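# Commentary on secondary and tertiary structure
So the chains spell out like this:
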Amino acid sequence: MNALRGPVVIRSATLTLHPTLPTISDNSRLRLFSGSANVPLSQEVARYLGMDLGPMVRKRFADGELYIQIQESIRGCDVYLIQPTCQPVNDNLMELLIMVDACRRASARQITAVIPYYGYARADRKTAGRESITAKLVANLITQAGANRILAMDLHSAQIQGYFDIPCDHVYGSPVVFDYLASKNLSDIVVVSPDVGGVARARAFAKKLNDAPLAIIDKRRQAHNVAEVLNVVGDVAGKTAILVDDMIDTAGTICEGARLLRKEGARQVYACATHAVFSPPAIERLSSGLFEEIIVTNTIPVPDTSRFAQLTVLSVANILGEAIWRIHEDSSLSSMFR
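This section reports on the structure supplied with the text. (Residues numbered from 1 in each chain as written. Predicted model: local features only at pLDDT ≥ 70, side-chain atom pairs only at ≥ 80, totals over all residues. Heavy atoms only, no water.)

This part is about empty space enclosed by the protein. All chains considered together, the criterion is met by one cavity of 30 Å³ or more. Reported here for the largest cavity is a volume of approximately 30 Å³. Taken together, Tyr 117, Tyr 118, Ala 121, Asp 154, Leu 155, His 156, Asp 246, Met 247 and His 275 form the lining of the largest cavity. Taken together, the residues of the lining of the largest cavity break down into five nonpolar, two polar and two charged. (1 Å grid on protein atoms, 1.4 Å probe; cavity = no way out; pocket = protein on both sides within 12 Å on 5 of 7 lines; lining within 4 Å. Points joined across faces, edges and corners; volume = space filled by probe spheres on them. Nonpolar A, V, L, I, M, F, W, Y, C, P; charged D, E, K, R; others polar.)

Counting 44 residues, the largest nonpolar core has Phe 205 and Ile 242 as its most contacted members. For this core, the leading source of residues is helix H8 (residues 317–328), giving seven residues. Residue contacts for Ile 242: discarding those within four places in its chain leaves Leu 181, Leu 186, Ile 189, Val 190, Val 191, Val 192, Phe 205, Leu 209, Tyr 270 and Cys 272. Listed in part, the 34 residues of the second largest apolar core include Leu 93, Ile 142, Ile 150 and Phe 164. (Core = buried A, V, L, I, M, F, W, Y, C linked by side-chain atoms within 4.5 Å. Buried < 20%, exposed > 50% of the residue type's maximum accessible area, 1.4 Å probe, protein only. Helix = DSSP H or I, 4+ residues; strand = E, 2+ residues; numbered from the N terminus. Contact = heavy atoms within 4.5 Å.)

We now examine the layout of surface pockets. Taken as a whole, the second largest pocket spans an internal volume of roughly 310 Å³. Looking at the second largest pocket, it is lined by 20 residues, and the ones nearest its centre are Cys 86, Gln 87, Val 277, Ser 279 and Ile 300. Classifying every residue of the lining of the second largest pocket gives 14 nonpolar, four polar and two charged.

Next up on the list: the environment of Asn 148. Counting through the fold element by element, Asn 148 comes out in the loop between helix H3 (134–145) and strand S7 (149–153). With 35 residues separating them in the primary sequence, Asn 148 and Ala 113 have C-alpha atoms 8.0 Å apart. In this structure, Asn 148 is in contact with Arg 109, Gln 110, Ile 111, Ile 166 and Pro 167, ignoring residues within four places of it in sequence.

What follows is about helix H2 (residues 89–105). Helix length check: H2, at 17 residues, gives a terminal C-alpha distance of 24 Å against a target of 24 Å (1.5 Å per residue), a fit within 8%. Burial in H2 covers these residues: Asn 92, Leu 93, Glu 95, Leu 96, Leu 97, Met 99, Val 100 and Cys 103. Ser 107 sits one or two residues past H2 and shows a positive phi near 70 degrees. (Expected span 1.5 Å × (residues − 1).)

The end-to-end C-alpha separation of helix H6 (residues 252–263) is 17 Å, in line with the 16 Å expected for 12 residues at 1.5 Å each. Considered for burial, the residues of H6 that qualify are Gly 252, Thr 253, Ile 254, Cys 255, Gly 257, Ala 258, Leu 260 and Leu 261. Gly 265 occupies a position one or two residues after H6 and carries a positive phi of about 100 degrees.

Our focus in this paragraph is the sheet that holds strand S5 (residues 78–82). Strand pairing in a sheet is mediated by backbone hydrogen bonds. Such pairs are either parallel or antiparallel. The strand order across the open sheet built from five strands is S2-S5-S6-S7-S8, with neighbouring strands paired in parallel fashion. The sheet is open, and its two edges are formed by strand S2 (30–34) and strand S8 (168–171), each paired on a single side. Averaged over all pairs of adjacent strands, the angle between their axes in this sheet comes to 20 degrees, without regard to strand direction. In this structure, S2 lies alongside S5, joined through five bridges in parallel fashion. Following the sheet pairing, Ser 34 is matched in S5 by Ile 82. Together, S2 and S5 form the strand contacts of helix H1 (residues 39–49), whose direction differs from that of S2 by roughly 160 degrees. (Pairing = 2+ DSSP bridges. Axes fitted to C-alpha atoms, helices over the stretch in contact; angles between N-to-C directions.)

In contact at an axis separation of 8 Å, H2 and H3 are set at 25 degrees when each is read in the N-to-C sense. The angle between H2 and H3 places the two elements in the roughly parallel class. Across the interface between the two elements, Leu 93, Leu 96, Leu 97, Val 100, Asp 101 and Arg 104 of H2 pack against Val 138, Leu 141, Ile 142 and Ala 145 of H3. (Parallel < 35°, antiparallel > 145°, perpendicular 65-115°, else oblique.)

This part is about the packing of H1 against H8. Contact geometry for H1 and H8: axes closest at 8 Å, N-to-C directions at 55 degrees. Classified by the angle between their axes, H1 and H8 sit oblique to one another. Between H1 and H8 lies a crossing of right-handed hand. Contacts from Leu 41, Glu 44, Val 45, Tyr 48 and Leu 49 in H1 reach Ala 317, Asn 318, Leu 320, Gly 321, Glu 322, Ile 324 and Trp 325 in H8. (Left-handed = near helix turned anticlockwise from the far one by under 90°.)

Taken as a whole and assessed by the stated rule, the structure comprises 17 salt bridges. Lys 136 is paired through a salt bridge with Asp 165; the nearest N and O atoms lie 3.9 Å apart. A residue pair is termed long-range when its members are at least 10 positions apart, and Lys 136 in helix H3 and Asp 165 in the loop between S7 and S8 qualify at 29 residues. By relative accessible area, Lys 136 is classed as partly exposed at 26%. One salt bridge in this structure joins Arg 259 and Glu 256, with 2.9 Å as the shortest N-O distance. Of this pair, Arg 259 and Glu 256 both sit in helix H6, separated by three residues, roughly a single helical turn. Exposure remark for Arg 259: the relative accessible area of 39% places this residue in the partly exposed category. A cluster of three or more residues bridged by salt bridges with shared partners is formed by Asp 101, Arg 104 and Arg 105. (Salt bridge = Lys/Arg side-chain N within 4 Å of Asp/Glu carboxyl O.)

Keep in mind that these numbers describe shape and distance, not what the molecule does.
The structure is reproduced here in structure tokens:
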């Protein structure tokens, strides 16, 4: 495998997409704009829709303040703003809020914030006294800025959809991963959840892989970004273990899980996650030889400096493009995943 790999674009058989580019009935009212967080993904989405990204001026004042100006008329238009709130999280979140406000003041008919990766999502409930629920706080900020709808991909927890007081469409990046794994013809698969909280996600993943058996890693977390793995619930000996999570941050949890799976006799270990957060020292941990392959998507840009031999990046642009088309046409999104 090459040391550096570009995004692998998979047209999913497990996802209902159009065989040709979608034909939008009222293209004159659809506008697509990109924040600075993941321009390559936005360009792929625009190509899927057969349109160009809208022109926009983005600059900083000397003190670091952001300035954004939409450079075409969007009065009465349906505007889609693509901006994951990945690192630098605060800058990208603030940029999204300013983009939304600029569109609202420009009299856009409807503003949809397309958030491939929703930051601040891990604090989605109070686990101790005097904590903030940042997932709800950010939802309030985006709503108050003037967004009319949210399109998000693989939220950290499903209940975050309810934190928005506006419609929230939740789509999944897993279909491209399913197709990629199917192309590898792996045998004796067991899907592994890295913790108890991810069991529902892993169970749904296993069902798509021909009802593969499920295993769970019993984990006790001592502090944020620090995990202590105890044992595996389920049989992994002699099997191909696929660890499934929504994100890989510092990779501490998933690497400790891989070590335990190897110890328990797993023949091969793969890791699958939608969001490649990759905070240090994730790259060093993931490239240490614990995994046959780490499979992620491009919801967050992965620079060349963070690529390594075992990493595969799949594109979710077609999924986001199809979702945007269906929202604009008032069509069903859930039927995409049936």
